[in-house]
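Reading the structure
If you want the building blocks of each chain, they are given just below.
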Amino acid sequence: MVKKYFILFFVGFVLFLVNTNAHAFDGQRKGFLLGIGLGPGFTSFTQEVAVSYLGFHESAKSDRETKVGLITDFKIGYAPDNTWAIYYTSKVSWFGMENAFGKDVTVSNGLGAVAVSYWFKPQAPSPFIAGGIGYSTWSLPFEDNPPDTWSGFGLFAGGGYEFSRHLSIEGSLSWGKPKHEEFGFEVSSNALSFMLTINALAY
């Protein structure tokens, strides 16, 4: 529920800025931004189960696993000028793993964040840096009866190079600790993802 209101608030804020001061899709970064990205990546993670009951506390932690997968990235936001922007980003690492019951599943390890990018030049080609803070998620979206989505704190930092107007390559490192609690049991993942994407950014 919190992440739903977080997204709605930010999208509403961006739309307000767009309506008051933006000239969208005029070839200048200043104004409304909309982008997508796709590429490879890997996620390294551990998982932990903890139980607390009547003052009793016990936990077990898995060995670290590293999985290679597909990275998707979505951006929507606003640039006050041609060198920096504030936006909402949804970065997701998709990969396969075997769950605790021996079943192969597809994991969606995501990060939804309010982010800032800074380009060193007002026009392409230009290097840039980026970073953001928000919430992380861990879910199994393709299961017939998917379990509840785990959620928690998350952040990322990265940078890249806009080699042509609207096109860039970006590398980022994201971290999150999504968790879920039910009936006195708390399960969590401590996940670190390296993401490399080719991005298209409309402005």
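All of the points below concern the structure found in this document. Everything quoted here is computed from the prediction, not taken from an experiment. (Residues numbered from 1 in each chain as written. Predicted model: local features only at pLDDT ≥ 70, side-chain atom pairs only at ≥ 80, totals over all residues. Heavy atoms only, no water.)

1. Describing the side chain of Asn199
- Inspection of the secondary structure assignment puts Asn199 in strand E10 (residues 185-202).
- Polar side-chain contacts of Asn199 include one of 3.0 Å to the side chain of Thr197. (Helix = DSSP H or I, 4+ residues; strand = E, 2+ residues; numbered from the N terminus. Polar contact = N/O pair within 3.5 Å; in protein donor to acceptor, adjacent residues only side chain to side chain.)

2. Details of the nonpolar core
- Within the largest apolar cluster, 13 residues are counted, with the highest numbers of intra-cluster contacts made by Leu33, Ala85, Tyr87, Trp119, Phe156 and Leu201.
- Elements with a contribution of two residues or more to this core: strand E4 (84-98), strand E5 (104-119) and strand E6 (126-139).
- The element that contributes the greatest number of residues to this core is E5, accounting for four residues.
- Ignoring any residue separated from it by four or fewer positions in sequence, one finds Leu33 in contact with Lys75, Ile76, Gly77, Tyr78, Ala79, Ala85, Leu201, Ala202 and Tyr203. (Core = buried A, V, L, I, M, F, W, Y, C linked by side-chain atoms within 4.5 Å. Buried < 20%, exposed > 50% of the residue type's maximum accessible area, 1.4 Å probe, protein only. Contact = heavy atoms within 4.5 Å.)

3. Let's talk about a positive patch on the surface
- A cluster of basic residues, Lys61, Arg64, Lys177 and Lys179, forms a positive patch at the surface.
- Checked against the element boundaries, Lys61 lands in strand E2 (residues 56-61).
- Given a relative accessible area of 59%, Lys61 falls into the exposed group. (Patch = residues over 30% accessible without salt bridge, like charges linked within 9 Å, V, L, I, M, F, W, Y side chains within 5 Å. Areas by Shrake-Rupley, 256 points an atom, 1.4 Å probe, with all protein chains shown as cover. Salt bridge = Lys/Arg side-chain N within 4 Å of Asp/Glu carboxyl O. Lys, Arg positive; Asp, Glu negative; His and termini not counted. Charge placed at Lys NZ, Arg CZ, Asp CG, Glu CD.)

4. Examining a nonpolar patch on the surface
- A cluster of nonpolar side chains, contributed by Phe42, Val68, Tyr161, Phe163, Leu167, Ile169, Leu173, Leu192, Phe194, Leu196 and Ile198, occupies part of the molecular surface with about 950 Å² of accessible area.
- When residues of the nonpolar patch are assigned to their parent elements, the largest contribution, four residues, is made by E10.
- On the secondary structure map, Tyr161 appears in strand E7 (residues 150-164).

Read these as layout, nothing more, since geometry by itself doesn't imply function.
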